[in-house]
Amino acid sequence: MNQILSFLIRSLVAVPVTVLTWLISYFPFDQTFWPSTGIAITTGILTHFILAIVMNTRFLKKHQISRKEYRYIRKNLMEAKQKINRLNKNLFTIRDISSVKQRIDLLRITKKIHKMTTKEPKRFYQAEQFYFSHLDSIVELTEKYSFLSSQPKRNMEMGQSLIETRHTLDELTKVVEEDLYKVISDDIDHLNFEIDVAKHTLNKQKDAKFPEENRWLK
């Protein structure tokens, strides 16, 4: 759930309710300024709170997860966000021009997985290996790579370590591509099913329209 958007929607409802409550309290009910203000603020806070509960409940129902599951997933997504920020910082402090495309692809895929699982939390279970293993490995390797590549002088051992790290990051890029595929695998299966249904429908319509022609073709 987009927390900023959710807060803005609740505020857009709560603020007018607060103002309207103050006007009703002050004029029709002849309340003085401060009691009217207190009633209005309390009503606005309650409206904001109730809307938060309703929106959160609808979100959980839509994605078929429990409140406890969502807390668990959200906690891990927040931790992953911090790791991705570190990854972003590491990747763009590396001076190696030859690995620019690799770094951009790696960052793009990790952000895509995180964005999809944030938008649809149930997908988190399809990306557990990414969140609990692969992302940590990528962050640690890029930090090592960034540190070594920033050294003004390198010996043969450092050069070899850089080459091995770059090759390992190549492999990890392929691994997170597989992680992304797992996250969208249900969508691919659903699309293939829809394609099969559409083809079957088209073939039935064709058979109904040209029965004689299709009989001779068979």
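Structure report, in brief. Just so you know, these numbers come straight off a predicted model, no measurement behind them.

1. Observations concerning the side chain of Ser-11
- You can see Ser-11 is positioned in helix α1 (residues 3-26).
- Ser-11 gets classed as buried once you look at its relative accessible area, which sits at 17%.
- Among residues more than four places away in sequence, those in contact with Ser-11 are Pro-16 and His-48.

2. Overview of helix α5 (residues 128-149)
- Between the first and last C-alpha of α5 there are 31 Å, a value that for 22 residues agrees with the 32 Å anticipated at 1.5 Å per step.
- Residues of α5 that are buried: Phe-130, Tyr-131, His-134, Leu-135, Ile-138, Val-139, Leu-141, Thr-142, Tyr-145, Ser-146, Leu-148 and Ser-149.

3. A closer look at helix α2 (residues 33-63)
- With 31 residues, α2 extends 45 Å between its outermost C-alpha atoms, agreeing within 8% with the 45 Å of an ideal straight helix rising 1.5 Å per residue.
- Buried positions along α2 lie against α1, α3 (67-91) and α4 (100-119).
- Looking one or two residues beyond α2, the residue adopting positive phi is Gln-64, at roughly 55°.

About the cut-offs
- Residues numbered from 1 in each chain as written.
- Predicted model: local features only at pLDDT ≥ 70, side-chain atom pairs only at ≥ 80, totals over all residues.
- Heavy atoms only, no water.
- Helix = DSSP H or I, 4+ residues; strand = E, 2+ residues; numbered from the N terminus.
- Buried < 20%, exposed > 50% of the residue type's maximum accessible area, 1.4 Å probe, protein only.
- Contact = heavy atoms within 4.5 Å.
- Expected span 1.5 Å × (residues − 1).

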